[in-house]
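What the coordinates show
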Amino acid sequence: MMIESIPITVEVNGTIQRLKVMPHHSLAVVIREQLGLLGTKISCGEGECGACTVILDGKAVNSCMVLAVEADGCSVLTIEGLAKNGELHPIQTAFIEEGAVQCGFCTPGMVMSTKALLDENPEPEEEQIREALAGNLCRCTGYHRIINAVHAAARKSSVHSGETK
Amino acid sequence: MKRFNYAEPKNLVELVALLHQYGASASILAGGTDLINHISHGKRSPKIVVSLRGVAELSNTVIEKSEGIEIGVLATLTTVAEHPLVRQRYTALAEAAVKVGSKQIRNRGTVVGNVCNASPAADTVTALLLFDPVLSVLAETGRRTVALSDFLLGPGQTSLAADELVESIFLPTPIEGTASTYRKLSRREGVDLATVGVATSVEWSGNIRIALGAVGPKAFRAVAAELQLKGNPRDMDNIESAIRLAQVAAEPISDLRASNEYRREMVGALLRQALQQALARCKGGECK
């Protein structure tokens, strides 16, 4: 049986993309290899580590666990879509200021999970932050500075309300 | 990942026709959080993946019916865990759904998918067993209904034929004032499979239901323990007798997560906690 690519239309970071994707390719693979957006990392490839986290129609998902064809008609936000006009997003600034980045491999996924959390709940409790980030593994920081960065980002966003949207 | 074809049927007629045509060489895609791993690990190698996302008649929500609720095949774990009626009347199910995987997994994975994957440790299955769940199963030849306890056959095994799909799960309304809870033991607090799962419900009349997960080839109701507690669920000695009956009913295996002796001990510890919590929620005949 001949396996052919399938046309999809997907909005990525605000730009409409018309792509032809192979049915067995994950959204993560297409984001990296067809769109060249390398901020989204593939690490475990089985939904454990969260390095590939993107926001799909407003929800944080593991892009390695979503087939690219399933994103047809959807809107995807990756780490590259956060900075505007050369200015980092407040969540990114908070991660830098709080020293929440070491090797950086988990950081895009951490930032995207944080973005999804703060969009839904701008003033999360510590427990809610830990739950939202439970699916993002970091082998460097020990998490404390990441949690601090999320608190700091929430404070920044409440100052410039609406800016995380 | 091994290659496969992909189809997105637009309605049930197209869907069941595809399942009939491809049979065991088709895999049904709902949330994909189990299926994609199975394919990439070579556990399954479908010729075609049939997605449910475009099927007009299938639901991604919890629908309130006159005599209960219906959980659509595409309702995610997040949707079910956050649904007000589930939280209020089927509390154990909401508590179990929020304990599956991570936020990212719960945003994609579905309750029906968790059931069809038939893991003995599936959190939602253990909780669902408290509520007399009935599955609606569809094929080209027609619909059938099946109780969850009959649907599950063993680890990874269900009574679903190759050309069938589960379109929804119906849960009748529990008796007014029923309180329930789900307790999970895992090696770490988040994103881990259950080493032992215990779900318990209490009716104000004193009827108790107990379901145990990860301590047998499939989750099951501990009926002898339930009968022991019937009408006298608050007496400490009686609770200890019931716990011993639940431990006898459990047939845990030893694996990398725990030994069978440890699991059996923890059935006792978790059941004690679950009973206390459900009874506290049901204090004075007035459940929350």
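Structure first, text after, so check above.
Residues numbered from 1 in each chain as written. Chains lettered and ligands numbered in written order. Predicted model: local features only at pLDDT ≥ 70, side-chain atom pairs only at ≥ 80, totals over all residues. Heavy atoms only, no water.

**Details of the overall build of chain A**
- A tally of regular secondary structure across chain A gives five helices and five strands.
- Put simply, chain A runs from its N terminus to its C terminus through helices and strands in the order β-β-α-β-β-β-α-α-α-α.
- Relative to its length of 165 residues, chain A is compact, with a C-alpha radius of gyration of 16 Å against a globular reference of 15 Å.
- Dimensions along the principal axes, computed over C-alpha positions, put chain A at roughly 55 × 30 × 25 Å.
- Counting all 165 residues of chain A, 51% fall into the buried class.
- Excluding contacts between residues fewer than 6 apart, the proportion of contacts in chain A whose partners are at least 24 apart in sequence is 55%. (Helix = DSSP H or I, 4+ residues; strand = E, 2+ residues; numbered from the N terminus. Rg over C-alpha atoms; globule rule 2.2 N^0.38 Å. Buried < 20%, exposed > 50% of the residue type's maximum accessible area, 1.4 Å probe, protein only. Contact = heavy atoms within 4.5 Å.)

**A few points about the interface of chain B and chain A**
- Listed by partner, the interface residues are 32 residues for chain B and 36 residues for chain A.
- Across the chain B-chain A interface, the total number found is three salt bridges.
- Glu 70 of chain A is the partner of Arg 108 of chain B in a salt bridge, and the nearest nitrogen-oxygen pair spans 2.9 Å.
- Counting only elements with at least two residues in the side of chain B that touches chain A, the list comes to β1 (5–7), α2 (35–40), α3 (77–82) and α6 (103–108) of chain B. (Salt bridge = Lys/Arg side-chain N within 4 Å of Asp/Glu carboxyl O.)

**Some thoughts on the side chain of Thr 78 of chain A**
All names here are of chain A.
- On the secondary structure map, Thr 78 appears in the loop between β5 (75–77) and α2 (90–97).
- Accessibility expressed as a relative area gives 0% for Thr 78, which makes it buried.
- Those residues in contact with Thr 78 that sit more than four places away from it in its chain are Val 12, Asn 13, Ile 31, Leu 37, Thr 40, Val 54 and Met 112.

**Structural notes on the packing of aromatic side chains**
Residue and element names in this part refer to chain B.
- Scanning the model with the defined rule gives one aromatic pair over all chains in all.
- Where Tyr 90 meets Phe 131, the ring centres are 5.1 Å apart and the plane angle is 80 degrees; that geometry is what we call edge-to-face. Linking Tyr 90 in the loop between α4 (84–89) and α5 (91–97) with Phe 131 in the loop between α8 (123–128) and β6 (134–139), this pair joins segments that are 41 residues apart in sequence. The same class applies to Tyr 90 as to Phe 131, namely buried. (Phe/Tyr/Trp six-rings, centres within 6.5 Å; stacked < 30°, edge-to-face > 60°.)

**Examining the pairing of strand β1 (residues 6–12) of chain A**
All names here are of chain A.
- Note that β1 and strand β2 (residues 15–21) share seven bridges and pair antiparallel. By the bridge assignment for β2, Thr 9 is matched with Arg 18.
- The turn linking β1 back onto β2 is made up of two residues, and Asn 13 within it adopts a positive phi angle of 50 degrees. (Pairing = 2+ DSSP bridges.)

Don't take any of this as a statement about function, it's just geometry.
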